[in-house]
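Summary of structural features
Single-letter residue listing:
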Amino acid sequence: MKKLIIPIIIIIALFSCTKKEEVETNPNEKIQNEVQTYLDKYNTDFQKLLAASAEAEWQANTKIMPGDTITEKLVTETGEAFTNFTGSNENIEAAKKYLQSKDKLSDLQVRQLNVILYMAGGNPASAKEIVAEKIKAELKQTQNLYGYSFTINGKEVTTNKIDDILFTSKDLNERLEAWESSKKVGIGLKDGLENLQSLRNKTVQSLGFDNYIAYQASEYGYSTDELRKVCNDMIKDLWPLYRELHTWARYTMAKKYNKKVPDLIPAHWLPNRWGQEWNKLVNVEGVDLDKALGKKSAEWIVTKGEEFYVSMGFSPLPKSFYEKSSLYPLPEGTPYKKNNHASAWHMNNAEDVRSLMSVEPNTKWWGTTLHELGHIYYYMEYSNPDVPIILRGGANRAYHEGIGTMIGLASMQLPFLEEVGLVEKGTEVDEIQMLLSEALDYVVVVPWGAGVMTEFEYELYANNLPKDQFNAKWWELKKKYQGIIPPNERPDESCDACSKTHINNDAAQYYDYAMSTILLFQFHDYIAKNILKQDPHATNYWGNKEVGKFLHNLLSPGASVDWKEHLQASIGSDMSAKPMVDYFAPLYEWLKKENEGRTYALPETL
Ligand SMILES: [Zn+2]
């Protein structure tokens, strides 16, 4: 699509240029040329340094060996080279100087200069020593998190094993052991988080941001209070539904474990280490994806995912993706570990895209793989000549997650599953159970992400939460937003928030996931109703080139456009929870009937 349009624009532009040149010249040409020379050099240098740093980080995340000082040194050196560049006084001054003439510059130039200033805020030369300390502290924290050996009864276990127990076990003692084991990692991370709390704040304060969360919120164009309000409004819109789900879950689990119905949910009852996804509480009749996928290989999942994107008109993945990615669990006996958190990497903001996963043939990895490939295809889409290297990012950070997760949602709908042969044609499913299963993921993530995580990091960075209150605050927020309590009194040394990856190495950005959920239902609603003319509950994107075209237009500008305007232009709406509330309306009615006569533990309004 884009390729067809470009030559036409160029021809028109050439014609108009020739005509205009006879009568007038661009009065801003001189300053624009000067800025362009600066930006071209910045983009080239940026890309080189980014690629070197990403390569070292890749090593550090895919080959974790205790005492590996070579990789550690490489990560530090390349990270410092990158941050020395983006945070240099020279670049800060140049960007500030040129922005004074922003009325004379093109929109694309102004956008790049703003990004240069924002990036400088993460590691300004004015706080050189603090920045160097922060890089070291973050690396150490990552090593402590992923180099940690989880054990149950003194026996080393993988996190996949812990998850398995929480997914399937009906034995509350076994569940408690697994849950407690998953939290012990936090103890060794608590001091590191306290250190990072101060280093992250000091870093951005040197450029005038109030604190680290204020800095991160600024990327959306929000103040901290605006961010918290947007988050709170999303939770409020979904609260009546969440309250019904919470009630339903308490009664359902009490029956399953043969226990009295608790007011608030003990954390180890839930099928997730952080209580962030509950969909394992239901097994949708007629669709046993784990069983169907168990007969396939992990490789099948990855290939099928790629085929899906290709079917909509996207290019195949580059050969280097398969050569360089780390897609599967390490074989037993491998002398090193790898980061178990799935991620997608854009190594040089150009053709080098990779994914780090531990794919196994089950439902969790089916959705995760399609999600990560969503990031990869987003990278590939905006890696085009119209988008400068430093604007190759999501329209905002939530867009990136939203696209991946939307594909994850679409990949679970019945007509799609039939298409890929994971369920038999004509399979009947209970639609309410299907919706319930989806709500237990998509709705549950909003009070968790926009509530617990965001408010915890707000307290951490904006209010300098003291270390001895980390755990108490964490559980206070878990109770308020999720209605979840710890299984028993937590040991003093615990830092249960620290067991969450993002708290350690992706700080103050977790609301991205909640916003992306809101956005994904907006995108999905648009695709279903306006392109596919299908019920949003039963779509099949497979092979539809019009959907591919819509996604291409949505993704390819990257961050070269204003995200709010781009959203309006793409779907004709601002960010809104309405499509999500509408989507789950039939479930809400069903839950109210189901919960009739039951007691509610959560308040009617938040
Ligand atoms: Zn993601």
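Residues numbered from 1 in each chain as written. Predicted model: local features only at pLDDT ≥ 70, side-chain atom pairs only at ≥ 80, totals over all residues.

1. Some remarks on the overall build of the protein
Inclusion rule: Where helices and strands are cited, they refer to DSSP runs of H or I of at least four residues and of E of at least two residues respectively, numbered from the N terminus. As defined in this context, the radius of gyration uses C-alpha atoms, and a globule is described by 2.2 Å times the residue total to the power 0.38. Buried means a residue has 20 or more other C-beta atoms within 10 Å of its own C-beta, exposed means 12 or fewer, and partly exposed covers the counts in between; C-beta atoms are placed from the backbone. Our contact criterion uses C-beta atoms placed from the backbone: two residues qualify when those atoms are within 7 Å.
Within the protein one finds 26 helices and six strands. Radius of gyration (C-alpha) of the protein: 25 Å, near the 25 Å computed for a compact globule of 606 residues. Along the first, second and third principal axes, the C-alpha set of the protein runs to 85 × 55 × 50 Å. Looking at the protein as a whole, 41% of its 606 residues are labelled buried. Taking all contacts inside the protein whose residues are at least 6 apart in sequence as the whole, residues at least 24 apart take part in 80%.

2. Focus: the domain arrangement of the protein
Interfaces are often described in size by the accessible area the parts lose on coming together. Applied cut-off: The split of the chain into domains comes from an automatic or database domain assignment. Each residue gets one label: Ala, Val, Leu, Ile, Met, Phe, Trp, Tyr, Cys and Pro are nonpolar, Asp, Glu, Lys and Arg are charged, and the others, such as Gly, are polar.
You can read the domains of the protein as domain 1 (30-144) and domain 2 (209-594). For domain 1 versus domain 2, the separation of C-alpha centres amounts to 28 Å. With 23 residues of domain 1 at the contact, the number on the domain 2 side is 22 residues. Secondary structure elements with two or more residues in the side of domain 1 that touches domain 2: helix H2 (29-62), helix H5 (107-122) and helix H6 (128-146). In terms of residue count, H2 provides more of the side of domain 1 that touches domain 2 than any other element does, 11 residues in total. By residue class, the composition of the side of domain 1 that touches domain 2 is 11 nonpolar, eight polar and four charged.

3. So, the nonpolar core
Within soluble globular proteins, side chains that are nonpolar tend to cluster in buried spots. This is how the line gets drawn: Note on terminology: a nonpolar core is any set of buried Ala, Val, Leu, Ile, Met, Phe, Trp, Tyr and Cys residues joined through C-beta atoms within 7 Å.
Grouped together as the largest cluster of nonpolar side chains are 145 residues, with contacts concentrated most on Leu 245, Ala 439, Val 443 and Ala 514. For this core, the domains that each give at least three residues are domain 1 (30-144) and domain 2 (209-594).

4. Quick look at the pairing of strand S4 (residues 343-346)
The following threshold applies: DSSP calls a pair of strands paired once it identifies at least 2 bridges connecting them.
The pairing of S4 with strand S5 (residues 353-356) spans four bridges and is classified as antiparallel. The partner of Ser 343 across the bridge, within S5, is Leu 356. Between the antiparallel neighbours S4 and S5 lie six residues, among them Asn 349 with a positive phi of about 55°.

5. Observations regarding the confidence of the model for the protein
As a reminder, the rule being used: pLDDT: the predictor's confidence for each residue, scored from 0 to 100.
Residues with a pLDDT of 70 or more make up 96% of the protein, whose mean pLDDT is 93. Under a pLDDT of 50 for its full length, residues 1-22 has, in the predicted model, five contacts with residues more than four places off or in other chains.

6. Quick look at the packing of helix H4 (residues 89-99) against H5
Formally: Where helices are involved, their axes are fitted lines through C-alpha atoms of the stretch in contact, as for all axes, and angles between N-to-C directions lie from 0 to 180°. Note on convention: near helix rotated counterclockwise from far helix by under a right angle means a left-handed crossing. Clockwise means right-handed.
Viewed as axis vectors pointing N to C, H4 and H5 meet at an angle of 145°, and their least axial separation amounts to 9 Å. Our pair here, H4 against H5, has a crossing hand that is left-handed. The segment H4 lies against H5, with Asn 91, Ile 92, Ala 95, Tyr 98 and Leu 99 engaging Leu 113, Ile 116, Leu 117 and Ala 120. For the contact of H4 with H5, the class distribution of residues is eight nonpolar, one polar and no charged.

7. Looking at the environment of Leu 172
Positionally, Leu 172 belongs in helix H8 (residues 172-184). Spatially, the C-alpha atoms of Leu 172 and Tyr 257 are 7.3 Å apart, while their sequence positions differ by 85 residues.

8. Thoughts on the environment of Gly 404
Inspection of the secondary structure puts Gly 404 in helix H16 (residues 397-410). With 23 C-beta atoms counted inside 10 Å, the residue Gly 404 sits in the buried group. Through-space distance from the C-alpha of Gly 404 to that of Glu 34 is 39 Å; in sequence the pair is 370 residues apart.

9. Digging into the packing of helix H11 (residues 224-257) against helix H22 (residues 511-532)
What counts is decided by this rule: Throughout this description, any angle smaller than 35 degrees is read as roughly parallel, any larger than 145 degrees as roughly antiparallel, any in the 65 to 115 degree range as roughly perpendicular, and the remainder as oblique.
Contact pair H11 / H22: the axes reach a minimum separation of 11 Å and the direction vectors enclose 50°. On the basis of their axis angle, the class for H11 and H22 is oblique. H22 is crossed by H11, and the crossing has left-handed handedness. Contact with H11, carried on its side by Leu 227, Cys 231 and Met 234, involves Tyr 511, Ala 514 and Ile 518 of H22 and no other residues of that element.

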